[in-house]
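Descriptive structure summary
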Amino acid sequence: MVNASASFTGPQYYDRLAPLWMDSFAADLAQRLPERPPGDVLEIACGTGIVTRRLRERLGPSLRLVATDLSKAMLDYARAKLGARKDIEWREADALKLPFEDGKFGAVVCGFGLMFAPDRQAALAEARRVLAKGGILLFNVWDRIEENRHALANAEVIEALLPGDLEMQYRFPYEMNDPGLLRRLLAGARFRETRIETKRIKIEPVDPRSIATAQIRGTPRSALLEERGVALDLVIDRLTEALTKAGGNPYRGHAQAVIVQAQAI
């Protein structure tokens, strides 16, 4: 499995997904958090700050918001993008080894990051450790890849270019959507599920090349493809064709995720 958080080489490209569908999911996630949660808020795997901005807008000024990511490149990009805000603390941190005391926070939030943890159960256990009893856990993960046809097109294009290359198979972020699995992971980390639901976001008509560029240049696959001597422009061209075939030009479709809300017990 690729450690995506550490390997992102193109935050500015990844951030292009924000207006397409990521910001809508960020807004949805943030509005599920009470304006006054039972303590300060920790964000894990903040990436380019898409969820971070929404969280800060949601929370009262007296509450501390700490945004963390394993990738320094992503963290630096987010900090620069939201630099006008002085009410966000930025920390480079591994979700499996958070540099905070036990019970330090009233809420932990993670937008599309938990799927990339090498040990998802350990990541949830670490989130529980830094939460006070009764604290809120809020995260989203991608639904099945078949419900995200832009992602399916991406996977099929790369797998066709590099058949049998296990490191280049990129379906694992779409394999954490089963409610039964999520409930087992939550219970194993001492959380009580309060809500699990599916959320679909409509993708407004958009140039398929914009999606293709963001998906290839804004993810760890860019470095892996170049290591294998595959030209990124070639991949983007082929993915643009696949997206056009799947959703037209301009591309129309949807992105679908599973939202999880839980409480520390």
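In this report, we go over the structure that sits alongside the text. (Residues numbered from 1 in each chain as written. Predicted model: local features only at pLDDT ≥ 70, side-chain atom pairs only at ≥ 80, totals over all residues. Heavy atoms only, no water.)

This brings us to the nonpolar core. Counting 95 residues, the largest nonpolar core has Trp 21, Leu 33, Leu 42, Leu 137, Phe 139 and Trp 142 as its most contacted members. Each residue touching Trp 21, except ones within four places of it in the same chain, is listed here: Trp 142, His 150, Ile 201, Ile 203, Ile 211 and Ala 255. (Core = buried A, V, L, I, M, F, W, Y, C linked by side-chain atoms within 4.5 Å. Buried < 20%, exposed > 50% of the residue type's maximum accessible area, 1.4 Å probe, protein only. Contact = heavy atoms within 4.5 Å.)

Another aspect to go through is the packing of helix 3 (residues 18-31) against helix 4 (residues 50-58). Running from N to C, helix 3 and helix 4 point in directions that differ by 40 degrees, and their axes come no closer than 8 Å. Here the hand of the crossing between helix 3 and helix 4 comes out right-handed. When helix 3 is examined against helix 4, the residues Ala 18, Met 22, Asp 23, Ala 26, Ala 27, Leu 29, Ala 30 and Gln 31 are found in contact with a partner set consisting of Ile 50, Val 51, Arg 53, Arg 54, Leu 55 and Arg 58. (Axes fitted to C-alpha atoms, helices over the stretch in contact; angles between N-to-C directions. Helix = DSSP H or I, 4+ residues; strand = E, 2+ residues; numbered from the N terminus. Left-handed = near helix turned anticlockwise from the far one by under 90°.)

This part covers the environment of Glu 193. On the secondary structure map, Glu 193 appears in strand 6 (residues 191-206). Between the C-alpha atoms of Glu 193 and Ala 264, which are 71 residues apart in sequence, the distance is 9.0 Å. At 2.6 Å, the side chain of Glu 193 and the side chain of Arg 183 are in polar contact. (Polar contact = N/O pair within 3.5 Å; in protein donor to acceptor, adjacent residues only side chain to side chain.)

This part covers the sheet that holds strand 1 (residues 41-44). Taking strand neighbours across the sheet as the criterion, the seven strands line up as 3-2-1-4-5-7-6 in an open arrangement whose pairing is mixed. Each edge of the open sheet carries a strand with a single partner, namely strand 3 (89-92) and strand 6. Sheet twist, expressed as the mean angle between neighbouring strand axes with direction ignored, is 20 degrees. Direction of pairing for strand 4 (residues 105-111) relative to strand 5 (residues 131-142): parallel, over a ladder of six bridges. Among the inter-strand pairings, Phe 105 is bridged to a residue of strand 5, identified as Leu 131. Its contacts with the sheet put helix 5 (residues 72-81) on strand 2 (65-69) and strand 3, and the angle it makes with strand 3 is roughly 170 degrees. (Pairing = 2+ DSSP bridges.)

Everything listed is a geometric property; what it means functionally is a separate question.
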